[in-house]
Amino acid sequence: MSKGMNMNQYLVSSAAERPDFAAIAEWIPKGASVLDLGCGDGSLLRYLKETRRVRGYGVEINDVDIVMCIANGVNVIQNDLESGLSDFEDNSFDFVILSQTLQATRHTEALVNEMLRVGREGIVSFPNFGYWKNRLNVLRGHMPVSKELPYQWYDTPNVHLCTLHDFEMFCDRHRVTVLERRVMTGAFEMKLLPNLLGSTAVYRFQRGI
Amino acid sequence: MSTTNSIGIVRAQRAQFDTPLTFRSGAVLPRYELVYETYGKLNADKSNAILICHALSGHHHLAGHYADEPKNIGWWDNMVGPGKPIDTDKFFVIGLNNLGGCHGSTGPSSIAPETGKPYGASFPMITVEDWVESQARLADRLGVKQFAAVIGGSLGGMQALQWSLAYPERVRHVLAIASAPRLTAQNIAFNDVARNAILTDPDFHGGDFYQHNVVPTRGLRLARMLGHITYLSDDAMADKFGRELRTGQLNYGYDVEFQIESYLRYQGDKFAGMFDANTYLLMTKALDYFDPAHDFGGDMNKAFARSKSDYLVISFTTDWRFSPQRSREIVQTLLHNRRNVSYAEITSTHGHDSFLMEHPHYFDVMRAYLDNVASEVSR
């Protein structure tokens with residue numbers, strides 16, 4: 001970590017690049033408790049702390065991100081999400097967030113179950129593989145590489161990419177009730193043909209009855 | 001980076017306490033002295049003090065060196081100093097030798113004023129709680145009402161945790177490094193073997209060996225050798241020594257043949273020459289006794305309910321004496337009690353000893369956390 005780094009500047013730029021932050025913040029009432037899985041450098045948590053006064057913790061495995069989280073003044077627990085959330089008690093959070101991480105998890109089903117064990121509600125955001133530009137790439141015979149999917153096929157951490165339809169079908173089959181959905185392209189919300197026109201999806205959900 | 005910028009020449013100070021201290025065991029020590037060192041300046045509102053609690057064999061000399069002993073460098077000189085993670089340009093840092101120690105504070109080898117002889121076996125059994133009590137009196141003496149942070153590794157981490165339980169209002173941040181909420185059976189077992197080595201040494205004389213002008217060197221040496229094995233990782237030992245032979249050939253005898261034997265014997269001898277056997281016994285018992293949940297029916301969550309501090313918990317991947325799992329138990333208890341807590345698991349090959357070594361990620365974590373603590377206190 002470079003010592004002279006201006007954290008505020010860093011935070012603003014990173015929040016501006018992540019329009020899903022604002023969508024997530026809208027759903028979170030003031031003072032809620034939040035667990036952010038795969039929290040990266042902690043900028044979402046810091047954003048939620050500053051805009052929503054949340055009581056929050058992040059879980060992250062990467063060494064450099066741990067230092068950034070601490071520098072950002074957010075609580076972070078260094079752990080591997082794939083080994084479960086055994087540090088956290090049942091129903092101990094209002095919201096458990098998985099922001100731009102779902103597609104990179106190996107045990108996706110188990111993790112979504114864990115989210116709804118630990119939290120009252122879950123929030124996930126992920127790149128929509130059904131976005132028209134991605135489809136066009138595949139039609140042209142190539143794996144998509146874009147702002148939302150910046151990796152080459154051989155170095156991508158994304159092992160479980162899905163479309164909006166896929167995710168909703170997943171919820172259906174796993175007794176997960178979707179409460180709300182925002183689909184965006186950049187900072188714009190896409191209400192028309194979201195599975196085709198939206199590049200990023202954000203869902204709020206709870207355990208189905 | 002951290003090997004330079006030493007704080008330079010420091011000197012030890014003494015504080016005399018004449019108010020009797022009642023130990024958890026019920027024993028009473030009518031008066032005692034604590035030896036300590038301070039680094040940096042206490043700010044005007046006295047909000048920038050950090051207390052460093054030492055582990056089993058530590059003491060008050062954290063950083064810098066003495067004017068007449070340039071080679072006697074503090075045991076945490078890589079961590080404590082100007083521009084270092086525990087930055088003496090920002091914080092007023094206090095290191096002390098614990099009560100019962102053998103580096104200047106009142107302990108078993110000190111002369112009891114009542115008898116004119118060393119306390120020896122009559123020195124009361126001490127607990128982590130008792131240490132915190134004695135440290136609180138030192139804090140009062142130095143005018144520190146609230147610590148910006150209390151920091152410790154291993155047994156020192158237990159004291160830091162206990163501070164936040166005994167004096168929730170007096171500790172803003174706790175940094176517990178390579179520590180545990182209480183020892184496991186295996187850990188107590190190691191301590192007991194070490195103690196037995198000392199207790200069964202014919203030169204121990206029930207703890208009153210001072211009058212016989214002998215030292216239970218054999219026992220202390222074995223205790224330290226055993227301890228040392230548990231502070232290193234299997235990998236670190238394999239890397240450092242492997243099966244290397246001292247003379248390059250097998251001699252088919254009981255003298256030192258493998259380098260690891262030579263190393264352990266050297267460490268044992270060095271330690272036995274400078275450390276007090278009774279202090280070693282007391283320190284290991286304090287480790288064994290520590291259990292904040294004891295008064296709460298074994299419920300650690302209840303024990304920590306009174307805490308008001310923020311916490312940084314750090315463990316090291318190859319530490320099997322105070323394993324990451326034990327640190328995560330601390331974290332789980334703090335999460336249950338909704339305390340602010342961060343946890344870093346440092347990938348290190350050096351086992352329990354990692355907490356004393358310079359490691360980039362470890363030091364970055366410490367620095368990032370303490371930079372934020374510094375920004376909370378006025379200069």
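Residues numbered from 1 in each chain as written. Chains lettered and ligands numbered in written order. Predicted model: local features only at pLDDT ≥ 70, side-chain atom pairs only at ≥ 80, totals over all residues. Heavy atoms only, no water.

1. Here we look at the overall build of chain B
In terms of helices and strands, chain B carries 10 helices and 12 strands. Over its C-alpha trace chain B gives a radius of gyration of 20 Å, about what one expects of a compact globule, namely 21 Å for 379 residues. Taken along the three principal axes of its C-alpha coordinates, chain B extends 65 × 50 × 50 Å. Within chain B, the fraction of its 379 residues that count as buried is 58%. A separation of at least 24 residues holds for 72% of the contacts in chain B among residues at least 6 apart in sequence. Element-wise, carbon and sulfur atoms account for 52% of the exposed surface of chain B, whose accessible area totals about 15300 Å². (Helix = DSSP H or I, 4+ residues; strand = E, 2+ residues; numbered from the N terminus. Rg over C-alpha atoms; globule rule 2.2 N^0.38 Å. Buried < 20%, exposed > 50% of the residue type's maximum accessible area, 1.4 Å probe, protein only. Contact = heavy atoms within 4.5 Å. Areas by Shrake-Rupley, 256 points an atom, 1.4 Å probe, with all protein chains shown as cover.)

2. Some points on the packing of helix H2 (residues 20-27) of chain A against helix H3 (residues 43-52) of chain A
Residues and elements named next belong to chain A. Taken N-terminus to C-terminus, the directions of H2 and H3 make an angle of 45 degrees; their axes are 10 Å apart at the nearest point. One element, H2, and the other, H3, form an angle in the oblique class. The element H2 and its partner H3 pack so that their crossing is right-handed. Residue-level inspection shows Phe-21, Ala-22, Ile-24, Ala-25 and Glu-26 of H2 in contact with H3, the latter providing Ser-43, Leu-44, Tyr-47, Leu-48, Thr-51 and Arg-52. The residue makeup of the contact of H2 with H3, split by class, is 7 nonpolar, 2 polar and 2 charged. (Axes fitted to C-alpha atoms, helices over the stretch in contact; angles between N-to-C directions. Parallel < 35°, antiparallel > 145°, perpendicular 65-115°, else oblique. Left-handed = near helix turned anticlockwise from the far one by under 90°. Nonpolar A, V, L, I, M, F, W, Y, C, P; charged D, E, K, R; others polar.)

3. Considering unusual backbone geometry
The phi angle at A:Asn91 is positive, at roughly 50 degrees, despite the residue not being glycine. Its location among the elements puts A:Asn91 in the loop between strand S3 (75-78) and strand S4 (93-99).

4. Some remarks on the confidence of the model for chain B
When pLDDT is averaged across chain B, the result is 96; 99% of the residues are at 70 or more. Complex prediction metrics read pTM 0.94 and ipTM 0.94. (pLDDT = per-residue confidence, 0-100.)

5. Let's talk about the confidence of the model for chain A
Mean pLDDT over chain A: 90, with 92% of residues reaching 70 or higher. Confidence over residues 1-13 of chain A falls short of pLDDT 50; this stretch has 18 contacts with residues more than four positions distant or in other chains.

6. Concerning the pairing of strand S1 (residues 33-37) of chain A
The two faces of the sheet receive side chains in turn, since in a regular strand these alternate between them. Residue and element names in this part refer to chain A. In terms of residue burial, S1 counts as a mostly covered element, since 5 of its 5 residues are buried. What you see with S1 is no split at all: Ser-33, Leu-35 and Leu-37 on one side and Val-34 and Asp-36 on the other are buried throughout. Relative to strand S2 (residues 55-60), S1 is paired through 5 bridges, and the arrangement is parallel. Each bridged residue has a counterpart across the sheet, and for Leu-35 the counterpart in S2 is Tyr-57. Considered for its hand, the β-α-β crossover made up of S1, H3 and S2 is right-handed. The pairing of S1 with S4 spans 4 bridges and is parallel. Within S4, the residue paired with Val-34 across the bridge is Phe-95. (Pairing = 2+ DSSP bridges. Right-handed = clockwise from strand over helix to strand, strands pointing away.)

7. Observations regarding the interface of chain B and chain A
Every contact between the two is made by 22 residues of chain B and, on the other side, 21 residues of chain A. Applying the counting criterion to the chain B and chain A interface returns 1 salt bridge. Here chain B and chain A share 12 residue pairs in polar contact (both at pLDDT 80 or more) between them. Looking at the side of chain B that touches chain A, the elements that each hand over two or more residues are helix H9 (324-336), strand S12 (341-346) and helix H10 (360-376) of chain B. The leading source of residues in the side of chain B that touches chain A is H10(B), at 7 residues. The residue makeup of the side of chain B that touches chain A, split by class, is 9 nonpolar, 7 polar and 6 charged. (Salt bridge = Lys/Arg side-chain N within 4 Å of Asp/Glu carboxyl O. Polar contact = N/O pair within 3.5 Å; in protein donor to acceptor, adjacent residues only side chain to side chain.)

8. Comments concerning H10(B)
Here H10(B) spans 24 Å end to end across 17 residues, near enough to the 24 Å set by a 1.5 Å rise per residue. Taken as a whole, H10(B) has its buried residues at B:His361, B:Tyr362, B:Phe363, B:Val365, B:Met366, B:Arg367, B:Ala368, B:Tyr369, B:Leu370, B:Val373 and B:Ala374. (Expected span 1.5 Å × (residues − 1).)

9. Digging into the environment of A:Ile66
Tracing the chain through its elements places A:Ile66 in helix H4 (residues 63-71). Among residues more than four places away in sequence, those in contact with A:Ile66 are A:Glu60, A:Val76, A:Ile77, A:Gln78, B:Ala344, B:His361 and B:Val365.

10. Quick look at the pattern of salt bridges
What the rule picks out here adds up to 27 salt bridges over all chains. Here A:Glu50 and A:Arg46 are joined by a salt bridge, their closest N and O atoms 2.9 Å apart. Pair noted here: A:Glu50 and A:Arg46 are both in helix H3, with a separation of 4 residues, about one helical turn. With relative accessibility at 44%, the residue A:Glu50 sits in the partly exposed group. A salt bridge links B:Arg24 to B:Asp295, with the nearest nitrogen and oxygen atoms 3.3 Å apart. Placement of B:Arg24 in the loop between strand S2 (21-22) and strand S3 (28-29) and of B:Asp295 in the loop between helix H7 (277-289) and helix H8 (300-303) is noted, with a sequence separation of 271 residues between them. Residue class for B:Arg24 comes out partly exposed when judged on its relative accessible area of 41%. Its relative accessible area of 52% is what places B:Asp295 among the exposed residues. Taken together, the salt bridges that share partners define one network made up of A:Glu26, A:Asp94, A:Arg120, A:Glu121, A:Glu180, A:Arg182 and A:Arg204.

11. A short note on the pairing of strand S11 (residues 310-316) of chain B
All names here are of chain B. Within S11, 7 of the 7 residues are buried, which leaves the element mostly enclosed by the surrounding structure. The side-chain alternation of S11 yields two buried faces, one formed by Asp-310, Leu-312, Ile-314 and Phe-316 and the other by Tyr-311, Val-313 and Ser-315. Bridge count for S11 against S12 is 6 bridges, and the pairing is parallel. In the strand pairing of S12, Val-313 is matched with Tyr-343. Tracing the backbone out of S11, into H9 and back to the parallel element S12 gives a crossover that is right-handed.

12. So, the packing of H4(A) against H10(B)
For the pair H4(A) and H10(B), the least separation of the axes is 8 Å and the interaxial angle reads 10 degrees. The angle between the axes of H4(A) and H10(B) places the two elements in the roughly parallel class. Taking contact as the criterion, the partners of A:Asp63, A:Ile66, A:Val67, A:Ile70 and A:Ala71 in H4(A) are, on H10(B), B:His361, B:Asp364, B:Val365, B:Ala368, B:Tyr369 and B:Asn372. Of the residues in the contact of H4(A) with H10(B), the class split is 7 nonpolar, 2 polar and 2 charged.

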